[in-house]
Each structure stands twice: as C-alpha cells, then as structure tokens.
Amino acid sequence: MSSSTVVTNRTNFKDLWSVATDEKAKIEDERIAKLEALGKQDEDTTIVIVGSQNAGKSSFVSRFLDREERKRSTIGLEYTYSRMTKGAKLGKTTCNCWELGGGSSLAQLVDIPITAQRVSQTSVIIMLDLSKPEELWTTLEVFMKQIRRSVNGALTKVKATNPSVVGKLDHKAWLKFGRKHPDKDMLNPLLIPLVIIGGKYDIYQDFDPEKKKIICKTLRFIAHTNGASLMFFSIKSDALVHHAKLMFSNLAFGTEQSVIDSKDYTKPLYILAGSDSLGHIGAPSLSSGDLGRINARNPIELWKQAFCTFFELHVLLHKLVLLFNCLHYTGITYTRGRRSLQGQKVFRTCC
C-alpha cells in the first residue's frame, strides 16, 4: 500500500509541474506576441519631405508610389502612405509620407509629423530647386534650423522617459562616419536620417561649369557636416528616377539602396552620408578681392558668404542685362532731365 501511495504522489507531482510549465509557456507566448506586435508597430516609418516650392516634391513621391501625379500644387502639409509586405509572419510595414508645400514660409509645420512617439523611425528629405541657385542657401538654412528644432524637441521628450533610444540614435548617426573620422570636430550629424536632393537637374546640367562647381561643393559641405546623403534628381531621367526610388525605399522599408558614388560636379551627384570628406570637397571658391571683404567667424559663415556673394553678383548682372535689353528694344534715350526717372521705371518693369 505504501508503495502505491508513493507512486500516486509522484503522479500528482508530475501533473502539477506540467500545469505550472504550461502556464509559464502561455505567459511567455503572450509576452512574445506583445513584443512582436510592438516590433511591427515600431517598424512603421515616417518620411517628411520639405524644400523649395515647385522643386518637384510631388513628382518625386508619385514616382515612388507609382501613382498618377497630381495636377495641383501641394498646399500646406499633405499625407499619404505606402505599404510593403515582408512575409506572412512579419505582416506589412507602413511608410507614412508627409509632404510640405509652400516652401520655407511654412517650415514650422514639420513639428506636426516629427513627434516624440515616432522620431526614432522618422527620416527627412529636403528637396531643392537647382534651377534657382540664388535661393539654395536660404532654403537650406531655414529648413535645417527648423528640422533640428523639431528633432531636438522630440528627442528631449524621449530622453526623459527612455534615454537609451537617444543613445542608440546618436551611435547610429556617428556609425556612418566612424568615431575616428578626420572631420569629426567639424561634424554635427542630425540624429535621424537626412537626405538632400537637388531637383530639376535637367535644367541645372546646362549651367556653366564654374556655377555648377560652386553649387556642388557647397551642397557637399552642407550635406557632409550635417550627416546627410546628397543626390541630384530629374523626373526626365530614368536613371535618376531609379536611384531616387531605391533611396526612398531604403528610408521607408530598409531595402538595399544604390552603392554608386558620384562626386564629379559635371555629373549628377550621389553621395551617401559618411562617404565624403572636407579634404575631397576643398575650400570655398573665393577671389582675392572677396577674401578682403568677407568677415566670417566660422567655416559655415565662410561658405555662406562665398556662395551668396557669387550668386548675388550673378543676379545683379542678370538684372543689368535685362535693363540693357529693355532700354535697347524700347528705344529709350538717356537725356539729362529724364534719365533717372525713366531708368527707374524700366528697371522696375524689367527686373
């Protein structure tokens, strides 16, 4: 009898252990399921597209989404999305696309999509109009300042509750360069992915070589020091559209992007973040006369003054040419009494 009792107790003991094991496995399965659900949610990405007015942002997005291009201009902040299936078990990843129309005057609206909840999965694209080089620096300056304010504000909130997230973003941003990069002291990379795109390359490619060289060197300097990738784009070039779609897909879904490297100013630029250097970029283009007039406190101011001085002079020369043509074709003669008044009227009309 005692032997039978022992067996019975052992049997009961095994049953209880099995129940406890099954319960533990159930709890673990629920925990993993929750983590997987959160992981899938975290995989959803956000891309914020800003930049020059009429630079081709909508055309750029339409090409990636394979949708018909809108016939109207973007007004304010517009939202669309794209989904990619990663397999039956992994489900779908959604890319939330926010496009800001209206140029730099509405830059503050980027606060809306760049939030503390989504900042770690957010990327930013700044699209510029290469056909208007005199506006490039101002547009970049306005958007870079606003984007940094928005990102830093969101990360400050994140740091208060989950400081490890900010640490991971910082590590990832510097990983593109390496901690021993020779330009380390000059770099201030944005902690989320940033891409600068020069649109309307089809117009830009007909510029004179000196103008193209200055634009390329300046954009390379800005992109490199801010930890951004840089590429040129034209809706009229199948090759450039292809590379742009790969880049967009990489930001949206983590897919492979083009591995080409093009730093030649006579060709479309394609430079991934971390692959450039100040030594390769060179110094800003300044004449001996410009050096005497420029009073820069840091390298950024030096590049800004060099770039703006060059293109402000070209804008002035362009206006003078228009004025000369107006005077020539309207048959106006400069008389002593009417020269000033007529000149002012023609200048305002033509320029």
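Residues numbered from 1 in each chain as written. Predicted model: local features only at pLDDT ≥ 70, side-chain atom pairs only at ≥ 80, totals over all residues. Heavy atoms only, no water.

Undergrad: Even after reading the chapter, I still don't get helix H4 (residues 163–175), so can you show me in this structure?
TA: The periodicity of an α-helix, 3.6 residues per turn, causes residues three or four positions apart to be oriented the same way. Its 13 residues place the ends of H4 19 Å apart at the C-alpha level, agreeing with the 18 Å of an ideal helix rising 1.5 Å per residue. Where H4 is buried, its residues touch helix H3 (136–161). (Helix = DSSP H or I, 4+ residues; strand = E, 2+ residues; numbered from the N terminus. Expected span 1.5 Å × (residues − 1). Contact = heavy atoms within 4.5 Å.)

Undergrad: Would you take a moment to explain unusual backbone geometry for this structure?
TA: The phi torsion of most residues other than glycine is negative, and most of the peptide bonds are trans. In the Ramachandran plot, Asn54 falls in the positive-phi region, its phi being about 60 degrees despite a non-glycine side chain. Within the fold, Asn54 resides in the loop between strand S1 (45–51) and helix H2 (57–65). Phi at Lys200 takes a positive value of approximately 60 degrees, unusual for a residue other than glycine. Looking at the secondary structure, you find Lys200 in the loop between strand S5 (194–199) and helix H5 (201–204). By relative accessible area, which is 26% here, Lys200 ends up partly exposed. (Buried < 20%, exposed > 50% of the residue type's maximum accessible area, 1.4 Å probe, protein only.)

Undergrad: Could you clarify how one ought to interpret the packing of H2 against helix H7 (residues 238–253) in this entry?
TA: Each pair of packed helices can be described by the angle between their axes along with the distance between the axes. One way to put it is that H2 packs onto H7 with a least axis distance of 9 Å and a crossing angle of 75 degrees. Our classification of the angle between H2 and H7 gives roughly perpendicular. Residues Phe60, Arg63 and Phe64 of H2 touch H7, and the partners they reach there are Val241, Ala244, Lys245, Met247, Phe248, Ser249, Ala252 and Phe253. Class assignment for the residues of the contact of H2 with H7 results in eight nonpolar, one polar and two charged. (Axes fitted to C-alpha atoms, helices over the stretch in contact; angles between N-to-C directions. Parallel < 35°, antiparallel > 145°, perpendicular 65-115°, else oblique. Nonpolar A, V, L, I, M, F, W, Y, C, P; charged D, E, K, R; others polar.)

Undergrad: I would appreciate a short explanation of the packing of H3 against H4 in the present structure.
TA: Contact geometry of H3 with H4 gives a least axis separation of 5 Å together with a crossing angle of 125 degrees. Here H4 runs oblique to H3, going by the angle between their axes. Within the contact between the two elements, H3 uses Leu155, Val158, Lys159 and Thr161 and H4 uses Pro163, Val165, Val166 and Leu169. Residue composition of the contact of H3 with H4, by class: six nonpolar, one polar and one charged.

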